[in-house]
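A look at the structure
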Amino acid sequence: MKKTLVYVAGPYTKPDPCLTTHNAIKVGNELLNAGYPSFVPHLTHFWHTMHPQPYQTWLDLDIVLMSRCDVVLRLPGYSSGADKEVELANSIGIPVVVASSLEAAARELIEWAESR
């Protein structure tokens, strides 16, 4: 495993939480397979189905976990929540890699990490 811990930020509610969770996990898995551990906040989707929490609880958890990551990977697509995560990352000095497409997201993050 590489030492770069990646926070995968991207759409959750639109167009569909199941699809966006699937997409984020797919990217996270590609990163994991390449040796980059990542945190996929979309996984709380499953936690929420078992033990629902207020939306703000999940956002607060995401902020705590993101602050421990080395880089934020912003997946494409509209998301006010992911946009706020990017703003926070910028404000606390965490680099942000903005993916040009879902298919290129893992590759672009790996290229960024290897160029550092």
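Described in the following lines is the structure provided in the data block. Keep in mind that what you see is a predicted model, and the values were worked out from it rather than measured. (Residues numbered from 1 in each chain as written. Predicted model: local features only at pLDDT ≥ 70, side-chain atom pairs only at ≥ 80, totals over all residues. Heavy atoms only, no water.)

1. Focus on the environment of L32
Filter applied, for reference: Secondary structure is summarised from DSSP: a helix means a run of H or I of at least four residues, a strand means a run of E of at least two, and numbering begins at the N terminus for each.
Within the secondary structure layout, L32 lies in helix α1 (residues 17-33). Note: C-alpha distance between L32 and E103 (71 residues apart in sequence) is 15 Å.

2. Here's the deal with the layout of surface pockets
Gaps between atoms show up when a probe of the same size as a water molecule is rolled over them. We apply this condition: For cavity detection a 1 Å grid was placed over the protein atoms alone, and a set of points counts as a cavity when a 1.4 Å probe fits there but cannot get out; an open set counts as a pocket when protein lies on both sides within 12 Å along at least five of seven lines, with lining residues being those that have an atom within 4 Å of a point. Grid points are joined across faces, edges and corners, and a volume is the space filled by probe spheres set on the points. Three classes are used: nonpolar for Ala, Val, Leu, Ile, Met, Phe, Trp, Tyr, Cys and Pro, charged for Asp, Glu, Lys and Arg, and polar for all others, with Gly counted as polar.
Each pocket or cavity is described by its volume, and for the largest pocket that value is around 420 Å³. Elements with a minimum of two residues in the lining of the largest pocket: β1 (6-9), α2 (44-50), α3 (55-66) and α4 (80-92). Residue composition of the lining of the largest pocket, by class: 12 nonpolar, 10 polar and 3 charged.

3. What to know about the sheet that holds strand β3 (residues 71-74)
The following threshold applies: Following DSSP output, two strands are said to pair if at least two bridges run between them.
The 4 strands lie next to each other as β2-β1-β3-β4, forming an open sheet whose pairing is parallel. What marks the edges here is a single partner per strand, and that holds for β2 (38-39) and β4 (96-98). Pairing between β1 and β2: 2 bridges, direction parallel. For Y7, the partnering residue across the bridge sits in β2 and is F39.

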